[in-house]
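Listed below are the residues making up each chain.
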Amino acid sequence: MPSRLAIRHFPDSILRRVSEPVRTVDRQTRIFIDQLIKFMKCQPGGIGIAAPQVGVPRQIAIVDASAKVPGAKLLVLINPVITTFEHEAIFREGCMSLPDFTANVRRAEKIKFEWRDIHFKKQEHITSGLEARCVQHEIDHLNGFLFVDRVVSLKTDVFRRKRYL
Ligand code: NI
């Protein structure tokens, strides 16, 4: 595990790998998860991060939509899998690994997903809206996908971020 975390940017090849499933949550893994949560919280507007984004190709992601979704909790997602996709919505997304772009991305509006928590206990949950979108975005990272892979048209659906210098 890296001692200091740094974000990997597109086109770093680690962002295209399928991350390894976690088999046990040992002390090292817990330390890494704490680092990942702290790192995410330092990023402006950061509501999710996946381990490969900091160079660790393991099936671990953090989602915390609580700043925008009342009642949402910070989720530590280990080996997460989406089991049901319902409805569709298009929404503007960004990603720390592609800091210069945002895009209109089509995803399921409502999902059912399961994962292992920090105690390696199986969890299952249904969510919708922003949290569902974030879970899908982060699980994509664990499978080597980026949000730009999900746009209908690179020409009309991807936008360069305005720079405030
Ligand atoms: Ni991302």
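Residues numbered from 1 in each chain as written. Predicted model: local features only at pLDDT ≥ 70, side-chain atom pairs only at ≥ 80, totals over all residues. Heavy atoms only, no water.

Structural notes on the coordination of the nickel ion
Line of reasoning, step 1. Of the protein atoms, only C95 (SG), H137 (NE2) and H141 (NE2) coordinate the nickel ion, at distances of 2.1 to 2.3 Å.
Line of reasoning, step 2. Every donor residue of the nickel ion comes from the same chain, spaced as C-x41-H-x3-H. A residue pair is termed long-range when its members are at least 10 positions apart, and C95 in the loop between strand 3 (75-93) and strand 4 (101-116) and H137 in helix 2 (residues 129-142) qualify at 42 residues. Pair check on accessibility: C95 and H137 agree, each one buried. (Donors = N, O, S within 2.8 Å, 3.2 Å for Na, K, Ca; no water. Helix = DSSP H or I, 4+ residues; strand = E, 2+ residues; numbered from the N terminus. Buried < 20%, exposed > 50% of the residue type's maximum accessible area, 1.4 Å probe, protein only.)

Focus on helix 2
Line of reasoning, step 1. Counted at 1.5 Å a residue, the expected span for helix 2 with its 14 residues is 20 Å, and the 21 Å between its end C-alpha atoms agrees.
Line of reasoning, step 2. Extensive coverage of helix 2 is indicated by the burial of 12 of its 14 residues.
Line of reasoning, step 3. When helix 2 is considered as a whole, its buried residues turn out to be E131, A132, R133, C134, V135, Q136, H137, E138, I139, D140, H141 and L142.
Line of reasoning, step 4. Tucked inside the fold, the buried residues of helix 2 contact strand 1 (48-50), strand 2 (60-63), strand 3, strand 4 and strand 5 (122-128). (Expected span 1.5 Å × (residues − 1). Contact = heavy atoms within 4.5 Å.)

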